[in-house]
Amino acid sequence: MSAYKINLCVNGKDETLDVQGDETLLRALRRIGYVEVKLSCEGGDCGACAVLLDGVAVNACLMFAAQADGSEITTVRGIGTEDDLHPVQEQLIEKGGVQCGFCTPGIVVSAKVLLDENPEPTREDIQRGLAGNLCRCTGYKKIFEAVSAAARQVNEGDGS
Amino acid sequence: MSTRVVGQPHPIIDAVEKVSGATIFINDLELPGALTGLALRSPHPHARILNLDTSAAERLAGVAVVLSKNNTPNAPFGINHKDEAAFCREKARYVGDEVAAVAAADEETAREALSLIRVDYEVLPTVADPFAAQEPNAPLVHDSVTGNIANEFHIKRGEIDEAFDAADAAFADEFHTHLAHQAYIEPTGCAAQWHPGGKISVWGCLQSVFLIRTFMLGPAMGMSPDDFRVTQTKPGGAFGGKLDVKAALMAAMLSRAAEKPVRFMMSLEEDLIAMRPRMPVHISLESAWKRDGTLAGKRVRIVAENGAYSSLSPAIMSSIALRTDNLYKTPAAEIQGKLVYTNIIPSGQMRGFGNVQATYAWESHLDNVADSLGLDPAELRLKNYTEKGDVSLHGWKIASCAVADATRYVVEEMDWKAKRARGGKGRGVGLASCIHVSGNKGFSVELGPDDTDPSSGVVRVDEEGKVEIWSGESDLGQGATSVMAYIASEVMGIPVERFRVPPTDTGYMPFGMGAFASRITLIGGNAVKLAAEDARRNLLDAAAEFMEIPADELEIVEGEVRAKALPERKMSVGEVVRRAGSVIEGNGKWLAGGDVLDKEKYGNPSTTYSFSTHGAEVEVDMETGVVTILGICCGHDPGRVINRLGAEGQVEGGAVQGMSFAMMEGLAPLEGHLRGKNFHDYLIATSMDAPPIEHDFFESMDPYGPYGAKGLAEVAINPITAAICNAIYHATGGARIRTLPVSPERVLEAIEEARK
């Protein structure tokens, strides 16, 4: 398998790395330390590895790293960190939309994209927006409530 | 008792790190120089290993060790039967059974090494059906176990024959449940590091760091449990599946042999075929009744599918057999159970520990009975429920109970009477109830140190006024350690934000059994409460000296020690610790109540019991058999809610997980091969499947629980399957789902059967 040198901009930081042709974006990101991108099904089913690729939500397990050459990648930590949380993250905390936390990085990514595209989502819009993210702990109800509340927070202008 | 923290809604204490992706799960743990460990798993359900040649794999550059029966001692282990070994010896007994394992410099090399291991198998007939397995000429899964019977029992309690003879009516039913996986999103993994001198550190997503040393690592490796330091990494969900984790043994054995750190991460596919999914069971029920709907007695026959190795399965079968008899005033019962070995993945414990299956069967049967007797199913239950102060047929002492209130809530909230009047036209409502333990003494004997089912805690206040809680119990993501922080905050008068509860670690933490059997809030919570009271006393004693005010005239408010009479006379708790010159600590230990059951399974296995009632409203397409869950409504008796937000999360998550089990899940074994290999063929509920859920709590204020609390995790899942099936029965005018999961085909068949 051929090796490629690729350039990524991950959460605003330039990264140059050598990848094998069959290395997925998920495995490459984790290898250079972005372990907040979670590895589970590696088949595009669970959404735990969701990242933004040039602003579009993708499952990092479903593309090769070489295909992402030259792209801007945003992980959950590019959306918000402990000291500077995104409204989606704040509301997941407040509403109890996080239990074990393993699916949460992917949920944050999907929910942020949803709100960027649809500032006033209905319950059904949120269900559809998160349809690619499996959560086994919460039963989804509190996640829906958190995304609704985050939408209100963003719209009221007190979010980032 | 009025409380400041307890009962309020709080985010879990590690929510910020979780939403920002900062939590380190096992696969994120850096272990410098670690080798990659992988297992070679049997492709056959049942095969004799004629020859096993690992020499080519050993010669591959980058391979550190290859382990198999060829170079490891035969050290059988197992909780009830010593029927398992680290690696297959003479036979492989299920698809996924560990035949060998390698540790290599990287994953690619490890995979290549696996491909170089040569195994000559003699494929044997598969024992797939638990009934055929009992036939005289059936092949044997374990050559020494005749009839493939791992365990069996037959209990008669009360005047059972007379009860049936004198009954006004008797009814019979059969039910079958399926093999379903815990399906946590985080695949299981462990890492281990051998230390010169013979000690081994193990890390992993484990439910019990203490017990895995005693029931697996020690005996399987010929070492003392104390030789292992086991540290939990926060599990990405567990639901029972991460109690019995062979990945820990694989990592530890490879590390010992290679004398290097080893990471052993299972893929999701491996996890689905080689962990311990929920036990499938076949339940036959007969019940005897008086005309007015009073239960007179019941007979239960169970055939439970053990799979290839038995682990905790005998206890699960007991739980299935006896559990529902304690929810109702049951005057007499006869119970027979058989646990049967097969060449299918070993079954095990998943949230409910058999009670999901038992409750599905019995609570479905009850609605059939109600229909036959012409009684309302809610009224039938309300007439027969156990009550506070009762001692059940099997000896369970009911210390608190609000199941009737929970049922009345569901009836009210769902507009039950109006909706029940309109059944049979494709839309219906159903409900079901359950009882569950809060800890189980049986585990303490089978897995623990003795019969005390103990928990202990240490609460340490540092010079910054921050508090760390050490408990041997574990958080699986359900917020158990947050519950401990809220309890300690309540006791100590120190704000919740200052508390930290690290993942469990046998290296420095006090002993605890771990997270299972809904035991943590009651047993772990009481231990931490006692530790917090001790720490508070020690803080006040130290402050009394510095402030020259007697301790009993001091209180702690908002993290400050204040004189009750002169609130301006105060010191922060951090300052008290600094003046004292060392950390101020409190210790607590709590031993569960109840007894170890006798040989006839009589006794009171838990300190106290929790209850719930779930209701469901469904729409059934009578032409296609497709069922839509329109809504779920639940009432729970967790004694007392400690953290409202966390308790709500347990209920909502449990209900949807249970609905998912009922409607779509299943590993679907066919001649020993499993269909489910990823989340596109092992389906679990997505956001699109999540129905609206309404629920409330009915606080029975348990006399033994911390602030009156008892367990909640498992009552949150047990009844929903039967509630849905009962709603389908109502919607269709009598279509009874006797085999899970509920599929459109099965619904259509049941509609046909009902029309006959």
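Look up: the structure comes first, before these words.
Draft legend 1. Focus on the overall build of chain A. Within chain A, the secondary structure is distributed over six helices and five strands. Against the 2.2 N^0.38 benchmark of 15 Å for 160 residues, chain A shows a C-alpha radius of gyration of 16 Å, consistent with a compact globule. Viewed in the frame of its principal axes, chain A has a C-alpha envelope of about 50 × 30 × 25 Å. Out of the 160 residues in chain A, the part that is buried amounts to 60%. Accessible area of chain A: about 6400 Å², with a carbon and sulfur share of 43%.

Draft legend 2. Expanded view of the overall build of chain B. Looking only at helices and strands, one finds 19 helices and 26 strands in chain B. For chain B, whose C-alpha radius of gyration is 27 Å, the value lies close to the compact-globule estimate of 27 Å for 756 residues. When the backbone C-alpha atoms are referred to their principal axes, chain B occupies close to 85 × 75 × 50 Å. Expressed as a percentage of its 756 residues, the buried residues of chain B come to 66%. Counting only carbon and sulfur atoms, one obtains 48% of the accessible surface of chain B, whose full area is about 25200 Å². Side-chain charges of chain B comprise 73 positive and 101 negative groups, with the mean position of each set lying 1 Å from the other.

Draft legend 3. Here's a closer look at the sheet that holds strand 15 (residues 333-341) of chain B. Residues and elements named next belong to chain B. Across the sheet, which stays open at both edges, the five strands sit in the order 7-15-14-13-8 with mixed pairing between neighbours. The sheet is open, and its two borders are formed by strand 7 (149-157) and strand 8 (169-176), each paired with just one other strand. Pairs of neighbouring strands in the sheet enclose a mean axial angle of 5°, with direction left out of account. Here strand 8 pairs with strand 13 (residues 281-289) via eight bridges, running antiparallel. Paired with Ala 172 across the bridge in strand 13 is Glu 286.

Draft legend 4. Summary view of the packing of aromatic side chains. Within the structure shown, the criterion is met by 12 aromatic pairs over all chains. An angle of 85° between the planes, with centres 5.0 Å apart, marks the rings of Phe 102 of chain A and Phe 25 of chain B as edge-to-face. Taken together, the residues Phe 102 of chain A in the loop between helix 3 (87-95) and helix 4 (104-117) and Phe 25 of chain B in the loop between helix 1 (15-19) and strand 1 (35-41) connect one chain to another. Exposure class is identical for Phe 102 of chain A and Phe 25 of chain B. Each is buried. An angle of 50° between the planes, with centres 5.3 Å apart, marks the rings of Tyr 409 of chain B and Phe 698 of chain B as tilted. Taken as a pair, Tyr 409 of chain B in helix 11 (residues 403-413) and Phe 698 of chain B in the loop between strand 26 (693-697) and helix 18 (720-732) lie far apart in primary sequence, 289 residues in all. The same class applies to Tyr 409 of chain B as to Phe 698 of chain B, namely buried. Site record: aromatic cluster; members linked through ring pairs are Tyr 328, Trp 362 and Tyr 385 of chain B.

Draft legend 5. Here's a closer look at helix 11 of chain B. Residues and elements named next belong to chain B. Listing the buried residues of helix 11 in full gives Val 403, Ala 406, Thr 407, Tyr 409, Val 410 and Val 411. Those residues of helix 11 that are buried lie in contact with helix 10 (377-384), helix 12 (416-420), strand 16 (427-437), strand 24 (609-620), strand 25 (627-637) and strand 26. Positive backbone phi, approximately 55°, marks Asp 415, located one or two places after helix 11.

Calculation criteria
Residues numbered from 1 in each chain as written. Chains lettered and ligands numbered in written order. Predicted model: local features only at pLDDT ≥ 70, side-chain atom pairs only at ≥ 80, totals over all residues. Heavy atoms only, no water. Helix = DSSP H or I, 4+ residues; strand = E, 2+ residues; numbered from the N terminus. Rg over C-alpha atoms; globule rule 2.2 N^0.38 Å. Buried < 20%, exposed > 50% of the residue type's maximum accessible area, 1.4 Å probe, protein only. Areas by Shrake-Rupley, 256 points an atom, 1.4 Å probe, with all protein chains shown as cover. Lys, Arg positive; Asp, Glu negative; His and termini not counted. Charge placed at Lys NZ, Arg CZ, Asp CG, Glu CD. Pairing = 2+ DSSP bridges. Axes fitted to C-alpha atoms, helices over the stretch in contact; angles between N-to-C directions. Phe/Tyr/Trp six-rings, centres within 6.5 Å; stacked < 30°, edge-to-face > 60°. Contact = heavy atoms within 4.5 Å.

So far we have only geometry, and geometry alone does not tell us how the molecule works.
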